[in-house]
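Close look at the chain arrangement
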Amino acid sequence: MSPSEPLITADHLGLEIAGRQLLRDISLQLRAGEIVTVIGPNGAGKTTLLRLLLGLTKATSGSVRRKPGLRIGYMPQRLQVDASLPMSVQRFLQLGQADLSAERARAALQRVGAEHLGATALADLSGGEMQRVLLARAASRNPQLLVLDEPTQGVDLGGQGEVYQLIAALRDELGCGVLLVSHDLHLVMAATDRVLCINQHICCYGHPEQVSRDPAYLELFGDKVAPYTHDHDHRHDIGGDIVRPSGQEPLHNKQERGK
Ligand SMILES: Nc1ncnc2c1ncn2[C@@H]1O[C@H](COP(=O)(O)OP(=O)(O)OP(=O)(O)O)[C@@H](O)[C@H]1O
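As the structure is a computational prediction, the values presented were derived from the model and not from experiment.

Pairing within the open sheet is antiparallel, and its three strands lie in the order β2-β1-β4. The outermost strands of the open sheet, each flanked by one partner alone, are β2 (20–30) and β4 (61–66). Averaged over all neighbouring strand pairs, the angle between strand axes comes to 20°, with direction disregarded. Of the strands in this sheet, β1 (8–17), β2 and β4 touch helix α1 (residues 46–54), which is tilted by about 120° from β1.

What follows is the structure, given as structure tokens:
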């Protein structure tokens, strides 16, 4: 088998459940060494697409081909941890991976800069620490493909760039392909090779720079394309718009938002 053979090939994938078309006509290929990011608004079908690609949900049209014997490391979107669960991080890494030695579990934590967390109870981790631990677990069995569903969820903005750098470093070290879901192209831009922007179907696809200028992308995310800066003299309404003190108009304009 040639090394450049795709790890995953999706061909005109679609999913219809109870008469609702959740996804349609999604085609993509992912090769070793590539980072492909799926972006799209809430409910666009990003997680559903990952599940189809992983074979956890069966497509109702089209097909998915995975390289035979493909080793996949999957980081789910979130993990609910019961605070009463007395489980250390190290034990969690070994859970369901009986052949993962304590030494390899430590090495996996070291890879993501979390070697000091091995004995910490899972329930005591901060949001950012938990994401690192989930990443360590996904990468712990030398996967050929890392699948990461919103890997920066619960991480503060300063830490999000770090997580993406870590993912790029893992790709370099393991030589694996990476498929990740994100809400925000601007955060992942530097750390991704190609972007697939979906909203039930593919809206646009290509290099991040190219996607960020695509009319279909701008239509979906046009009000969020200003570089993010934040101050705390305002609050946000439910749609994310800035609410000014009474009597003033809410800000809709991206330049104003960027202030
Ligand atoms: N098994 C299912 N049965 C019915 N509807 C489903 C099923 N799985 C997902 N959906 C619906 O499909 C749509 C897409 O869900 P999905 O979780 O894939 O979106 P997403 O893009 O990952 O969203 P978010 O950004 O909010 O995480 C949602 O409206 C969801 O309710």
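Back to the text.
A few words now on the site of the ligand. If you check the shell around the ligand, you find I17, L22, G40, N42, G43, A44, G45, K46, T47 and T48 and nothing else. Among the elements that make up the shell around the ligand, the one with the highest residue count is α1 (three residues). Residues that form the shell around the ligand fall into these classes: three nonpolar, six polar and one charged.

With that settled, the discussion passes to the environment of F221. Here F221 shows up in helix α8 (residues 215–221). C-alpha of F221 to C-alpha of D184: the two residues are 37 residues apart in sequence and 8.9 Å apart in space.

Moving on: the pairing of β1. Pairing analysis gives seven bridges linking β1 to β2, with the strands arranged antiparallel. Note that in β2 the partner of I8 across the bridge is L30. In sequence, β1 turns back onto β2 through a hairpin of two residues, with A18 there showing a positive phi of about 50°. Bridge count for β1 against β4 is five bridges, and the pairing is antiparallel. Of the residues in β4, the one forming a bridge with G14 is S61.

Taken together, six strands build an open sheet; the order of strands is β5-β6-β7-β3-β8-β9 and the sheet is mixed. A strand with exactly one partner marks an edge of an open sheet, and here the two such strands are β5 (72–75) and β9 (201–206). Neighbour-to-neighbour, the strand axes of the sheet open up by a mean angle of 15°, direction not taken into account. In terms of strand pairing, strand β3 (residues 35–39) meets strand β7 (residues 177–182) through five bridges, oriented parallel. Across the sheet, I35 pairs through a bridge with V178, a residue of β7. Sheet strands touched by helix α4 (residues 127–139): β5 and β6 (145–149). Its angle to β5, the strand with the most contacts, is close to 165°.

The next thing to look at is the domain arrangement of the chain. In terms of domains, the chain is made up of domain 1 (1–71 + 144–210) and domain 2 (86–141). Computed from C-alpha atoms alone, the centre-to-centre distance between domain 1 and domain 2 is 24 Å. Opposite the 14 residues of domain 1 that make contact, domain 2 presents ten residues. Where the side of domain 1 that touches domain 2 is concerned, the elements lending two or more residues are β6 and α5 (157–174). Top contributing element to the side of domain 1 that touches domain 2 by residue count: α5, with five residues.

Turning our eyes to something else, we now look at the environment of A121. Mapped onto the elements of the fold, A121 is located in the loop between α3 (102–111) and α4. Spatially, the C-alpha atom of A121 lies 34 Å from that of G33, the residues being 88 residues apart in sequence. Apart from residues lying up to four places away in sequence, A121 is in contact with P86, M87 and S88.

A separate point is the packing of α4 against α5. Relative to each other, α4 and α5 sit at 10°, their axes nearing to 11 Å. In terms of orientation, α4 and α5 fall into the roughly parallel class. In this structure, the crossing between α4 and α5 has a hand that is right-handed. Across the interface between the two elements, G128, Q131, L135 and A139 of α4 pack against G159, V163, L166, L170 and L174 of α5. Among the residues forming the contact of α4 with α5, the class breakdown is six nonpolar, three polar and no charged.

Let us now look at unusual backbone geometry. Phi angles above zero are rare outside glycine, and A18 is one such case at about 50°. The residue A18 is located in the loop between β1 and β2 in this model. Under the C-beta neighbour-count criterion, A18 is labelled exposed, with 5 such atoms within 10 Å. For Q200, which is not glycine, the phi torsion reads 70° and is therefore positive. As for its position among the elements, Q200 is in the loop between β8 (194–199) and β9.

Definitions and limits used
- Residues numbered from 1 in each chain as written.
- Predicted model: local features only at pLDDT ≥ 70, side-chain atom pairs only at ≥ 80, totals over all residues.
- Pairing = 2+ DSSP bridges.
- Helix = DSSP H or I, 4+ residues; strand = E, 2+ residues; numbered from the N terminus.
- Axes fitted to C-alpha atoms, helices over the stretch in contact; angles between N-to-C directions.
- Contact = placed C-beta atoms within 7 Å.
- Near = placed C-beta within 6 Å.
- Nonpolar A, V, L, I, M, F, W, Y, C, P; charged D, E, K, R; others polar.
- Domains from an automatic or database assignment.
- Parallel < 35°, antiparallel > 145°, perpendicular 65-115°, else oblique.
- Left-handed = near helix turned anticlockwise from the far one by under 90°.
- Buried ≥ 20, exposed ≤ 12 C-beta atoms within 10 Å, placed from the backbone.

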